[in-house]
Amino acid sequence: MESVTHFEQVIASDDPKVWGTLASCKGKPAEWWFADKYNTQQGKEFTAMAKRICRTCLVANKCLQLADEGGEAFGIWGGLTPKERGFKRMTKQF
Ligand code: SF4
C-alpha cells in the first residue's frame, strides 16, 4: 500500500486553510502584499519584497487560482499584482 505523507496531503488539499499552512507569507506583515499605494517608493519596496517571497512559495499556483476565482482586485497573489493577474486572465495563462 502506497503511503501518503502529511506534506503531500497538505499540498494536495483544495482547502486554503490547509494549503495556506505552507504559504511563504505566513506570519509576514500583510501590508507588504497589500501596499495600497503602488506608486510610492514604500509601496514599490513592499510589493518587490512580497513578490520575492512569493517566488519561494510552494502553493503559489493555488494562491493565484484562489485570487482568480474570487476576482481579487487588490494585493499580490501568487506573486502577481492585480494588473499582472488581469493580463494573465486576458491571455488565459492560468
Ligand atoms: S504566493 Fe500567495 S500564499 Fe504564497 S507567499 Fe505569495 S501571497 Fe502568500
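(A) Highlighting the overall build of the chain. When its secondary structure is counted, the chain shows 5 helices and 0 strands. Order of helices (α) and strands (β) in the chain, N terminus to C terminus: α-α-α-α-α. Expressed along its principal axes, the backbone C-alpha trace of the chain runs to roughly 55 × 30 × 20 Å. Within the chain, the proportion of its 94 residues that are buried is 17%.

(B) View of the site of the ligand. If you check the shell around the ligand, you find 14 residues, and the closest are Ala23, Cys25, Cys54, Cys57 and Cys63. When contributions to the shell around the ligand are tallied by element, the ones reaching two or more residues are helix H3 (41–54) and helix H4 (60–70). Here the residues of the shell around the ligand sort into 11 nonpolar, 3 polar and no charged.

(C) Spatial organisation of H3. End to end, H3 covers 20 Å across 14 residues, agreeing with the expected 20 Å (1.5 Å per residue, within 8%). Every buried residue of H3 is accounted for by Phe46, Ala50 and Cys54. An end-on view of H3 places all buried positions within 75° of arc, on one side of the element. Away from its buried face by more than 90 degrees, H3 exposes Gln41, Glu45 and Arg52. On the buried face of H3, the contacting elements are H4.

(D) The arrangement of the environment of Val18 in detail. If you trace the backbone, Val18 turns up in helix H2 (residues 16–19). It is 19 Å that separates the C-alpha atoms of Val18 and Ala30, two residues lying 12 residues apart in sequence. Excluding its chain neighbours within four sequence positions, the residues that come into contact with Val18 are Val10 and Ser13.

(E) Molecular detail of H4. Turning to H4, its buried residues are Lys62, Cys63 and Leu64. Buried residues belonging to H4 abut H2. Following H4 by one or two positions, Gly71 has its phi on the positive side, about 60°.

Reading guide: rules and limits
Residues numbered from 1 in each chain as written. Predicted model: local features only at pLDDT ≥ 70, side-chain atom pairs only at ≥ 80, totals over all residues. Helix = DSSP H or I, 4+ residues; strand = E, 2+ residues; numbered from the N terminus. Buried ≥ 20, exposed ≤ 12 C-beta atoms within 10 Å, placed from the backbone. Near = placed C-beta within 6 Å. Nonpolar A, V, L, I, M, F, W, Y, C, P; charged D, E, K, R; others polar. Expected span 1.5 Å × (residues − 1). Arc of directions from axis to C-beta. Contact = placed C-beta atoms within 7 Å.

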